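# Close look at the chain arrangement
What follows is each chain in one-letter form.
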Amino acid sequence: MRLLLPRILRLLFPGRKGPFVFERQPVILPAKPASLNLYIHLPFCRQLCPFCPYMKEVYDPAVSAAYQEALLQELESYRRLWGDVNIESVYFGGGTPSMTPEIIERTLSWIAGNFHLGHEVGVEVNPLDAHPAVISSFKNSGVSLVSLGVQSFHDRLLGLLGRDYDGKLARQASERLLQAGFATVDADLIFAIPTQSRQEVEADVETACELGVDQISTYPLLYFSYAPLRKQLHQARVTTPSWWLERQMLAAIVKKTQEAGYRRTSIWSFNRPETIRYTTVTKDAFVGIGAGATSKIGDYFKLNTFSVAEYIKAMAEGSPLALATKLDAGDKMAYWFFWRVYDLDIDTSTFQSIFGQDLPRRVRALLSLLKLLGMTQRRGNTIRLTEMGAYIFHLIEKEYTHAYLETMWQACLQEAWPQRVVL
Ligand code: SF4
């Protein structure tokens, strides 16, 4: 079922119908794009959380310094290709980017000196780093959006997730970021944590709303075979929440955020009116810089090596590119459609202006069926998912994220230069 999802989605669009095959292959990048979105991966963490599926490693000052140079070399390779391109957005993710504000400061200064840097500059912040020196470094560097990895305000649940701070510190960190005047302060919360009750989920959301954060992002806890949490829980005989409890938790999050005046801006995010959404994954075209970074640009979806050591070496000797797959027109449409469904709004006129045609007949038939089933509503050119439609897509997104990370990321984490991955 899991790996079938991208294949089923492709059936709705014209072009190839087989699986996505990622291989090491030359990538032909497009001529200078009108603008670019950048994602920069900073993989260093103080300690490794047992639930974490991401590409990260424990901080080492010497490796971090070498990594910083390699990042600038990769950026320089794009500057040589495209010149002073407009950078619409830059997001630093990790890892724990806020641990290394000096890398963020220097990288942003380099980007501003070599490209045209816009105002959408986001950084993921660990509550332990939200102290005045780091915040003022971010402000001076032009960071405008911050995403605070709260996960929960409950000490017991933070302990279970292996986080090394408490709820009080998470509240203080939120307050400090809000006082600093960033355009958007997002709080990340995890739900469906083993032993967590619906009331605890509600209390976490209420706390975030009362603090006045601009955005709340909530993710269900997923278990990966290559992250130690599931084994630890099994050994401790701790059970995971049922699908029904998880559904109630999500419904409670939607209700609480609505009551507090937030608008649902994606399956898993809620914003105050008029705030800029902190979002990295939903951009339609982006270039990833750093170890483990992915790019969707021109006709390709590509991934850099997931090994920090190999990335540093590759930037000195050649290319960090590990795997790539070529996208045909139907793939690009499917990609756009998937993330607009995630955003809850599908604007058919935007599809027309990007792809020069209406949504394919099979997609329109599917949307009509979803409307009959009460999962979508149409307003003018926009089709919006209803709460029931959003719940179904929550299940699909969970399965897709799990399948993609289990297959692709696991392969890339096991081997610096995998030969081939089939999705
Ligand atoms: S959850 Fe965040 S802080 Fe924890 S190991 Fe993963 S990237 Fe690092």
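Residues numbered from 1 in each chain as written. Predicted model: local features only at pLDDT ≥ 70, side-chain atom pairs only at ≥ 80, totals over all residues. Heavy atoms only, no water.

## Topic: unusual backbone geometry
Look at the link from Gly 94 to Gly 95: it is a cis peptide, with omega at 15°. A positive phi angle, close to 70°, is found at Gln 151, a residue other than glycine. In this structure, Gln 151 sits in strand β7 (residues 145–151). A relative accessible area of 10% means that Gln 151 is categorised as buried. Backbone geometry places Thr 195, a non-glycine residue, at a positive phi of 75°. Examined against the element boundaries, Thr 195 turns out to sit in the loop between β8 (184–191) and α7 (198–211). Its relative accessible area of 42% is what places Thr 195 among the partly exposed residues. (Helix = DSSP H or I, 4+ residues; strand = E, 2+ residues; numbered from the N terminus. Buried < 20%, exposed > 50% of the residue type's maximum accessible area, 1.4 Å probe, protein only.)

## Structural notes on the domain arrangement of the chain
Each assigned domain of the chain is listed here: domain 1 (1–16 + 330–417) and domain 2 (20–271). On a C-alpha basis, the centroid separation for the pair domain 1 and domain 2 is 23 Å. Listed per partner, the contact involves 25 residues of domain 1 and 25 residues of domain 2. Summing the contributions of domain 1 and of domain 2, the shared interface buries around 2300 Å²; its carbon and sulfur component is 65%. For the pair domain 1 and domain 2, the interface holds two salt bridges. Measuring nitrogen to oxygen at the nearest pair gives 3.6 Å for the salt bridge that ties Arg 263 to Asp 345. Summed over the shared surface of domain 1 and domain 2, the result is seven residue pairs in polar contact (both at pLDDT 80 or more). The set of elements that each furnish at least two residues to the side of domain 1 that touches domain 2 consists of α1 (4–11), α11 (329–342) and α14 (387–414). Per-element accounting of the side of domain 1 that touches domain 2 gives the leading share, 15 residues, to α14. (Domains from an automatic or database assignment. Contact = heavy atoms within 4.5 Å. Buried area = accessible area lost by both parts, 1.4 Å probe. Salt bridge = Lys/Arg side-chain N within 4 Å of Asp/Glu carboxyl O. Polar contact = N/O pair within 3.5 Å; in protein donor to acceptor, adjacent residues only side chain to side chain.)

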